[in-house]
Amino acid sequence: MAGNAAQRTYVPPGQYDEFYNFVSGGFSGQMSVYGLPSGRLFRVIPVFSVDPEKGWGFSEETKPMLETSHGFIPWDDLHHIEASFTDGMADGKWMFANSNNTPRLARIDLTTYRTAEIIEIPNTGGNHCSPFTTENSEYVIAATRFSVPPDGPGGDVPISSYKENFKGHISFVSVDKETGEFDIAFQLKTPGLNFDLSSAGKGKSNGWLFLSCYNSEQAHTLLEVSASQNDKDFILAINWKKAEEYFKAGKGTKQAVRYAHNKYNEETHSATSEIKTDVTVLDLADFEDLAYLIPCPKSPHGTDVNPTGEYIIGSGKLAALIPVFSFDKLQNAIANKDFEAELYSGIPVVKYESALYGEVEKPGLGPLHTEFDDKGNAYTSFFVSSEVVKWNIEKLEVIDRQPTYYSVGHLMVAGGNTKKPFGKYLVAYNKITKDRFLPTGPELCHAAQLFDISGEKMELLLDFPTIGEPHYAQAVPADLIKDRSLKIYDINANSHPYIAKGESEARVERNGNTVHVYLTTIRSHFTPDNIEGIQLGDEVLFHVTNIEQDWDMPHGFAIKGAGNSELLVMPGETQTLKWIPDRMGIFPMYCTDFCSALHQEMSGYVRVSAKGSNVPLTFSTGTSQAAAGE
Ligand code: K7E
Ligand code: CUA
């Protein structure tokens, strides 16, 4: 460990980190935001998860974000984070994230640091090969990990009919340049293969997409044996610009499907969920010039394209070498029809040697993922031999190797998947941390390890624990995005249907068994803070508007017996907590976020009476009269 490592990661009090690091949370369903080089955790953002700390998925406004065609699903397995790109560089607008279980794609807004949109992906089983974006984020790509029969009643087939009935789908989800809004433009239907990961071409290879696939055997049971038979699986190269041309020319067929499209509206402060019912599918079997298979040794995992776009690195999980493919050679091979076979009824297989630039010999065991620096070097993670290996792409020579503690999965170089990596820091995301940290029972934290890669040798600087299981991550220079961060929501732009724009609009209204409480918060009281006339059998909706217009001034809201969570309401925002009282009596409510010296005083009472009681509905703040009628 380098002697001055502490100095190089130390960010003095009051100073900022150089990079934001957006890290996937794996089975926590969240994305966390760290600073680099300090490793300080700033924020955990619920994406495919509920989060009681923020009321996310518990407030009435946020629940629709987690709707799917299967109903409300408050969890998923988030593996990959990818930045929105402009000209192959992170532009700091959004982060994209995939869910691996119930296939979904999310967009996280880097002004609000919240999930702004989630779209479900039809015809897909396990959205692992996702979300990888093209050079200008024209599309976010999402491909199926498990091939399955297309959605619909036709899916009721014997599992043993895999080869015939199971299909892969690669989704091209367009991203609106201004708003970021998703739309599934089209899908490519492929033979039944398992797509693991992908990278879009960049620079000279812009317009192409490279997907690693395993299970070229098309096995459907005991895959650890039966999908590891072939000496080589494949990288599927797709000419997506061509596919887009065909789509725009009206090719493909519309298929009836059902998928949810959820959007959060910053003006109504509410999410909506809509079920969409069709998707355009182009079957690869109908086109001759869209797809080519490149043989790739032994169960490829990552497929990564270098900053110039010329080299495509395959990482066979069981391979003892790293193949480096050349985009130019691939193009020549395609032009010369230098094919060794056609597979899966009609996809040409390019000869391995014809696409290969060269192989890195004996790099390590179990290569998974590769990222790049600004000097022509690649960095590959090795799960089995638990190390990070630096090698020169053109020379195919190993330059340095450093152990990780332990069993690294993804690694990330700052800007390492862009056209111009920053090449200063590398972070290894490790699966196992036995003996690295104070023990915390049977489960230990996963962890990140920060390396300085500015010199010839990599230097380990810092270990820091992570939330959930970190897979992929992105780092963006702080200067690019920190000034875009929102400070408050403008209350005058708040068009929530149940807003109270000031204390004079605070009130309580009964509509049958539903009681709407228009509640405001400001340091350090609620308006109203005494409410009587609630009856058993009522459903009470607390619409809490935080009328503060100061940065970093949220108020919380909680009431005894509520079956959900707190609300944490940002300045200028309205959020709703549903409460169904189950007994008569007095119920305290209070602010959960220490907002001022008199935060403890920020509280109130709600009286619940019997059904049909003659206690009238009253509300007040700052008066001590008993409610009328007593
Ligand atoms: Cu290698 Cu799901 Cu990207 Cu994790 S995957 S390590
Ligand atoms: Cu408001 Cu504490």
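Look above for the structure.
Each value, and the rule that gives it
Starting afresh in each chain, residues are numbered from 1 along the sequence in its written order. Chains carry letters and ligands carry numbers; both start at the beginning, A for chains and 1 for ligands, and go up in the order they are written. Totals for whole chains, interfaces and linings use all residues, but because this is a predicted model, local features are given only for residues with pLDDT of at least 70 and pairs of side-chain atoms are given and counted only at 80 or more. Hydrogens and water are ignored here; the side-chain numbers use all heavy atoms of the structure. Where helices and strands are cited, they refer to DSSP runs of H or I of at least four residues and of E of at least two residues respectively, numbered from the N terminus. When we talk radius of gyration, it's over C-alpha atoms, and the globule rule is simply 2.2 Å times the number of residues to the 0.38. Relative accessibility under 20% of the residue-type maximum defines a buried residue, over 50% an exposed one, and the middle range a partly exposed one, all with a 1.4 Å probe and only protein chains included. By definition in these notes, contact holds between two residues if any of their heavy atoms fall within 4.5 Å. What sets the accessible areas is the Shrake-Rupley method with a 1.4 Å probe; for residues, cover comes only from the shown protein chains. His is not counted here, nor are the chain ends, while Lys and Arg score as positive and Asp and Glu score as negative. Every charge is mapped to an atom, namely NZ of Lys, CZ of Arg, CG of Asp or CD of Glu. Strand pairing is assigned whenever DSSP identifies at least 2 bridges connecting the two strands. Think of each axis as a best-fit line through the C-alpha atoms, taken over the contacting stretch in the case of a helix, with angles from 0 to 180 degrees between the N-to-C directions. Working definition: residue near molecule or strand if any one of its non-hydrogen atoms lies within 4 Å of it. Residues are grouped as follows: Ala, Val, Leu, Ile, Met, Phe, Trp, Tyr, Cys and Pro are nonpolar; Asp, Glu, Lys and Arg are charged; all remaining types, including Gly, are polar. What the arc describes is the spread of directions from the helix axis to the C-beta atoms. What counts as a ring pair is set by centres within 6.5 Å for rings of Phe, Tyr and Trp (its six-membered ring), and what kind of pair is set by the plane angle: stacked under 30 degrees, edge-to-face over 60, tilted for all other angles.

A. Region of the structure containing the overall build of the protein. Tallying secondary structure elements over the protein gives seven helices and 45 strands in all. Relative to the 2.2 N^0.38 estimate, which gives 25 Å for 630 residues, the radius of gyration of the protein is 27 Å and therefore close to what a compact globule would have. If you line up the protein on its principal axes, its C-alpha atoms span 90 × 65 × 45 Å. Burial status across the protein gives 60% buried among its 630 residues. Long-range contacts, defined as pairs at least 24 residues apart, comprise 62% of the intrachain contacts of the protein with a sequence gap of at least 6. Total accessible area computed for the protein in this model is approximately 24,600 Å², and 52% of it derives from carbon and sulfur atoms. Taking the 54 positively charged and 81 negatively charged side chains of the protein as two groups, their mean positions are separated by 2 Å.

B. Representation of the sheet that holds strand S18 (residues 270–283). Pairing is mixed in the open sheet, where 10 strands are placed in the order S6-S7-S8-S9-S17-S18-S13-S12-S11-S10. Each end of this open sheet is capped by a strand with a single partner; those strands are strand S6 (81–86) and strand S10 (129–133). Between one strand axis and the next, the sheet turns by 25 degrees as a mean value, whatever way the strands run. Bridge analysis of strand S17 (residues 253–265) against S18 gives 11 bridges, and the strand direction is antiparallel. By the bridge assignment, His261 is partnered in S18 with Glu274. Running at roughly 110 degrees to strand S13 (residues 182–191), helix H4 (residues 240–248) makes contact with strand S11 (139–143), strand S12 (167–175), S13 and S18 of the sheet.

C. Region of interest: the site of ligand 1. By nearness alone, every residue bordering ligand 1 is listed as His79, His80, His128, Leu197, His301, His369, Gly409, His410, Lys431 and His471. Split into classes, the residues belonging to the shell around ligand 1 amount to one nonpolar, eight polar and one charged.

D. View of H4. Among the residues making up H4, those that are buried are Trp240, Ala243, Glu244 and Tyr246. Buried positions in H4, seen along its axis, are confined to an arc of 160 degrees and lie on one side of it. Buried positions along H4 lie against S11, S12, S13, strand S15 (208–214), strand S16 (232–239) and S18. Directly beyond the C-terminal end of H4, a positive phi value near 90 degrees is found at Gly250.

E. Spotlight on the packing of aromatic side chains. A complete count under the given rule lists 26 aromatic pairs for this structure. Between Phe210 and Phe327, the aromatic rings sit 6.4 Å apart at their centres with planes inclined by 85 degrees, giving edge-to-face as the arrangement. Separated by 117 residues along the polypeptide, Phe210 in strand S15 and Phe327 in helix H5 (residues 327–335) bring together distant segments of the chain. The pair formed by Phe210 and Phe327 is uniform in burial state, with each residue classed as buried. Aromatic pair Tyr246 and Phe287: ring centres 4.7 Å apart, planes at 35 degrees, arrangement tilted. Placement of Tyr246 in helix H4 and of Phe287 in the loop between S18 and strand S19 (291–297) is noted, with a sequence separation of 41 residues between them. Judged by its relative accessible area of 19%, Tyr246 is buried.

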